[in-house]
Amino acid sequence: MSTTIQNISLSGRKKQVSNKEMTFLENLYLVAIVKGLLITIKHFFRKKVTIHYPEQVREMSSVYRGQHQLKRDEQGRENCTACGLCALSCPAEAITMKAAERKPNEKHLYREEKYAEIYEINMLRCIFCGLCEEACPKDAIYLTTSKVLVPSSYEREDFIFGKDKLVMPLDIAMQNAQLKNAN
Amino acid sequence: MDSAFIIEKSVVILVVFALTMIMAMYSTWAERKVAAFLQDRVGPNRAGWGGLLQPLADGLKLFSKEEFSPNTPNKFLFVVGPAIAMSTALMTSAVIPWGDKLHLFGRDILLQATDIDNALLYIFAVVSVGVYGIMIGGWASNNKFSLMGAVRAASQMVSYEVAMGLSMIALLMMTGTLSLREISAQQAGMNWNVFYQPVSFLIFLICAFAETNRTPFDLAECESELIGGYHTEYSSMKMGFYLFAEYANMFISSAILAVLFFGGYNYPGMQWMVENVGVNTANILGFLALFIKICGFIFFYMWVRWTIPRFRYDQLMHLGWKVLIPLAILNIMVTGICLLLFK
């Protein structure tokens, strides 16, 4: 029983170690060196794995969580109603917001009567866990749609992103709406 | 000594000097490219096309680096070290025949700085002086790692010079001359020495690796144990000189290997080219042939570097004293017997 277990090789590459003396030819190491040289020269002609970064950009995974985006609906109105659930769910306490009431002449800007006057995310605190996205009842905040990484900067203040950087641009919202209608 | 002769020689010396420098420069580029390719990467490719301006950028960087010198009592020796390393590396190129003669302006111009009859001895002498650059630099650095690197370099050089000299004797018994030009001329056609003296070639090749401090014999500067060995304390262009000297040495030893064993500037059909196309074309092609052989050897140096790991110190000594020297002596004896039987 025990012998059979010892002979099992999970990786399929199990090898018995032997202590046998090397033959004269092996002692010269020349054969081994030539074998090694052949292995390295094979790599010389192999396809290179490098991605030339600034020119070629590696494709992001469809579920990659990058910079947040506050979404607009088909008519270009902001979805966010400043309910504060995202700020509440945020484990890093990175989100701050201030709610305001919508004026009658702002109906084309905001979908519901309440909207976020200030919406700020501190990108230095954010851990990109995506819990805000899960908490949002209005489909307003997404980390997967912007497809951008938070850019680097020298000043800490530059990492507090306001609505100017977070809200989805209007033309993209309209494009999305057109695409939806076409389908 | 007419003035035309002096001008001719000055031009040849200048060209040889420039060639050695440029080759050493581009060897650093080639080293990085070959290393990258052997590891499935692409290597430097930003400065110029395919990174061809990279050596210039590296040189500029080394020149603009801070000139640091350690607290050593031997300030003079600290500067002399890299100077010796660099000058000996460049001196060897004087006796290498880069090609047969060109016929220009009604004169025969030898493509060689000087054709002395004991060229091979000269090379051995200059190469052994080269180790003083490393030893003095390591000693003057006032640093235990540098000193260890220097001691290793010295003992390695002493051990392998013996085997190298003995391997040469077998070759010299065949050629009967020390002049590199005559040795090249004897190998006309495909009459290359490597076919008659394969063992001698192998020993010489291994010793050449050791003499130029290349992997697997780079114990003098092994980064992982001695943090750079003898050039640990060097910075700026003094450091650059050491690195440059290594690549110049590599180029020169490749040239010597090509001249001694692979027919030098000879290529198949050279005689036919001289008779039918012209002396100049044929001999420029001969220079190109030598150049290609040299580049092949330089590539081989790099190829081996990224294949074989460094020897342990006792393995190095074992290989030098107990394997290569007996083999070289045996080779001399076999060569002697063959010469007696077949000549």
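If you're wondering where the values come from, they're calculated on a predicted model, not measured in any experiment. (Residues numbered from 1 in each chain as written. Chains lettered and ligands numbered in written order. Predicted model: local features only at pLDDT ≥ 70, side-chain atom pairs only at ≥ 80, totals over all residues. Heavy atoms only, no water.)

## Brief notes about the overall build of chain A
Within chain A one finds seven helices and five strands. In sequence order, the secondary structure elements of chain A are arranged as α-α-α-β-α-β-β-α-β-β-α-α. Taking 2.2 N^0.38 as the reference for a compact globule, 183 residues should give roughly 16 Å; the C-alpha atoms of chain A span a radius of gyration of 29 Å, well beyond that estimate. For chain A, the spread of C-alpha atoms along the principal axes amounts to about 95 × 50 × 45 Å. Counting all 183 residues of chain A, 30% fall into the buried class. On chain A, roughly 13,800 Å² of surface is accessible, and the fraction owed to carbon and sulfur atoms is 55%. Distance from the positive charge centre (27 side chains) to the negative charge centre (22 side chains) of chain A: 11 Å. (Helix = DSSP H or I, 4+ residues; strand = E, 2+ residues; numbered from the N terminus. Rg over C-alpha atoms; globule rule 2.2 N^0.38 Å. Buried < 20%, exposed > 50% of the residue type's maximum accessible area, 1.4 Å probe, protein only. Areas by Shrake-Rupley, 256 points an atom, 1.4 Å probe, with all protein chains shown as cover. Lys, Arg positive; Asp, Glu negative; His and termini not counted. Charge placed at Lys NZ, Arg CZ, Asp CG, Glu CD.)

## Focus on the overall build of chain B
From N to C terminus, chain B includes 13 helices and two strands. The C-alpha radius of gyration computed for chain B amounts to 21 Å, which stays within 12% of the reference 20 Å derived for 343 residues, consistent with globular compactness. By principal-axis analysis of the C-alpha atoms, chain B measures approximately 60 × 50 × 50 Å. For chain B, the computed accessible surface area is about 15,600 Å², with 73% contributed by carbon and sulfur atoms. Looking at chain B, you have 21 positive and 22 negative side-chain charges, and the mean spots of the two groups are 6 Å apart.

## So, the packing of helix 8 (residues 198–211) of chain B against helix 10 (residues 236–261) of chain B
Angle between the axes and distance between the axes: these two values describe a pair of packed helices. All names here are of chain B. Two elements in contact, helix 8 and helix 10, have axes separated by 11 Å at closest approach and are oriented at 170 degrees. Comparing their axes, helix 10 and helix 8 come out roughly antiparallel. Where helix 8 abuts helix 10, its residues Ser-200, Phe-201, Phe-204, Leu-205 and Ala-208 lie against Ile-256, Leu-257, Leu-260 and Phe-261. Of the residues belonging to the contact of helix 8 with helix 10, the class tally is eight nonpolar, one polar and no charged. (Axes fitted to C-alpha atoms, helices over the stretch in contact; angles between N-to-C directions. Parallel < 35°, antiparallel > 145°, perpendicular 65-115°, else oblique. Contact = heavy atoms within 4.5 Å. Nonpolar A, V, L, I, M, F, W, Y, C, P; charged D, E, K, R; others polar.)

## Thoughts on the UniProt feature "binding site: [4Fe-4S] cluster 2" (unreviewed entry) in chain A
Residues and elements named next belong to chain A. Annotation from UniProt places "binding site: [4Fe-4S] cluster 2" (unreviewed entry) at Cys-90, Cys-126, Cys-129 and Cys-132. Spatial clustering of the annotated residues is evident: they stretch over 43 residues in sequence, but the largest pairwise C-alpha distance comes to 10.5 Å. Overall, Cys-132 belongs to the buried group, its relative accessible area being 7%. (UniProt positions renumbered as here; feature names shortened; annotations may be inferred.)

## Looking at helix 8 of chain B
Owing to its 3.6 residues per turn, the α-helix aligns residues three or four sequence positions apart on the same side. Residue and element names in this part refer to chain B. When the terminal C-alpha atoms of helix 8 are compared, their 20 Å separation across 14 residues agrees well with the 20 Å that a helix rising 1.5 Å per residue should span. Regarding helix 8, the residues found buried are Ser-200, Phe-201, Ile-203, Phe-204, Leu-205, Cys-207, Ala-208, Phe-209, Ala-210 and Glu-211. One or two residues past the end of helix 8 sits Asn-213, with phi positive at roughly 55 degrees. (Expected span 1.5 Å × (residues − 1).)

## Observations regarding the interface of chain A and chain B
Across the contact, 15 residues belong to chain A and 16 residues belong to chain B. For the pair chain A and chain B, the two sides together bury roughly 1,400 Å², of which 70% comes from carbon and sulfur. Ranking the residues of chain A by area buried against chain B places Leu-37, Phe-44 and Lys-48 of chain A at the top, with a combined share of 38%. If you look at where chain A meets chain B, you find one salt bridge. For Glu-55 of chain A, the salt bridge identified is with Arg-46 of chain B, shortest N-O distance 3.0 Å. Between the two partners, chain A and chain B, sit eight residue pairs in polar contact (both at pLDDT 80 or more). Grouping the amino acids of the side of chain A that touches chain B by side-chain chemistry returns seven nonpolar, five polar and three charged. (Buried area = accessible area lost by both parts, 1.4 Å probe. Salt bridge = Lys/Arg side-chain N within 4 Å of Asp/Glu carboxyl O. Polar contact = N/O pair within 3.5 Å; in protein donor to acceptor, adjacent residues only side chain to side chain.)

## Examining the packing of aromatic side chains
Taken as a whole and judged by the stated rule, the model has 22 aromatic pairs over all chains. Seen from their ring centres, Phe-299 of chain B and Trp-303 of chain B are 5.8 Å apart, and the 35 degrees between their planes marks the pair as tilted. A residue pair is termed a helical-turn pair when its members lie 3 or 4 positions apart in one helix, as Phe-299 of chain B and Trp-303 of chain B do in helix 12 (residues 279–305) at four residues. Residue class for Phe-299 of chain B comes out partly exposed when judged on its relative accessible area of 24%. Trp-303 of chain B sits in the buried class, given a relative accessible area of 17%. Among the aromatic side chains, those forming a connected cluster through ring pairs are Phe-44 and Phe-45 of chain A together with Phe-37, Phe-209, Phe-299, Phe-300, Tyr-301 and Trp-303 of chain B. The residue whose ring lies beneath Lys-71 of chain A is Tyr-142 of chain A, and the NZ or CZ to ring-centre distance is 5.2 Å. Directly above the ring of Phe-161 of chain A sits Lys-165 of chain A, whose terminal nitrogen or CZ lies 4.5 Å from the centroid. (Phe/Tyr/Trp six-rings, centres within 6.5 Å; stacked < 30°, edge-to-face > 60°. Lys NZ or Arg CZ within 6 Å of the ring centre and 35° of its normal.)

## A closer look at the UniProt feature "binding site: [4Fe-4S] cluster 1" (unreviewed entry) in chain A
All names here are of chain A. Per the UniProt entry, the sites bearing "binding site: [4Fe-4S] cluster 1" (unreviewed entry) are Cys-80, Cys-83, Cys-86 and Cys-136 in this numbering. A compact arrangement is adopted by the annotated residues: their sequence extent is 57 residues, whereas the largest C-alpha distance between any two is 10.5 Å. Since its relative accessible area comes to 41%, Cys-83 is described here as partly exposed. Along the polypeptide, Cys-136 turns up in the loop between helix 5 (131–135) and strand 4 (141–142).

## Observations concerning the environment of Pro-70 of chain B
Residues and elements named next belong to chain B. Within the secondary structure, Pro-70 sits in the loop between helix 2 (54–64) and helix 3 (75–91). With 163 residues separating them in the primary sequence, Pro-70 and Glu-233 have C-alpha atoms 6.6 Å apart. For Pro-70, the residues in contact, after removing those within four places along its chain, are Lys-75, Phe-78, Ser-141 and Glu-233.

## So, a nonpolar patch on the surface
A cluster of nonpolar side chains, namely Phe-24, Leu-25, Leu-28, Leu-30 and Val-31 of chain A together with Leu-202 of chain B, defines an oily patch on the protein surface of about 550 Å² accessible area. Listing elements by their share of the nonpolar patch, those giving two or more residues are helix 2 (24–27) and helix 3 (30–44) of chain A. Secondary-structure assignment places Leu-202 of chain B in helix 8. (Patch = residues over 30% accessible without salt bridge, like charges linked within 9 Å, V, L, I, M, F, W, Y side chains within 5 Å.)

## As for the sheet that holds strand 2 (residues 95–101) of chain A
Residues and elements named next belong to chain A. The three strands are arranged 2-3-5 in an open sheet whose pairing can be described as antiparallel. Each end of this open sheet is capped by a strand with a single partner; those strands are strand 2 and strand 5 (160–161). Relative to strand 3 (residues 114–122), strand 2 runs antiparallel, the two sharing seven bridges. Across the sheet, the residue bridging to Thr-96 is Glu-120, located in strand 3. (Pairing = 2+ DSSP bridges.)

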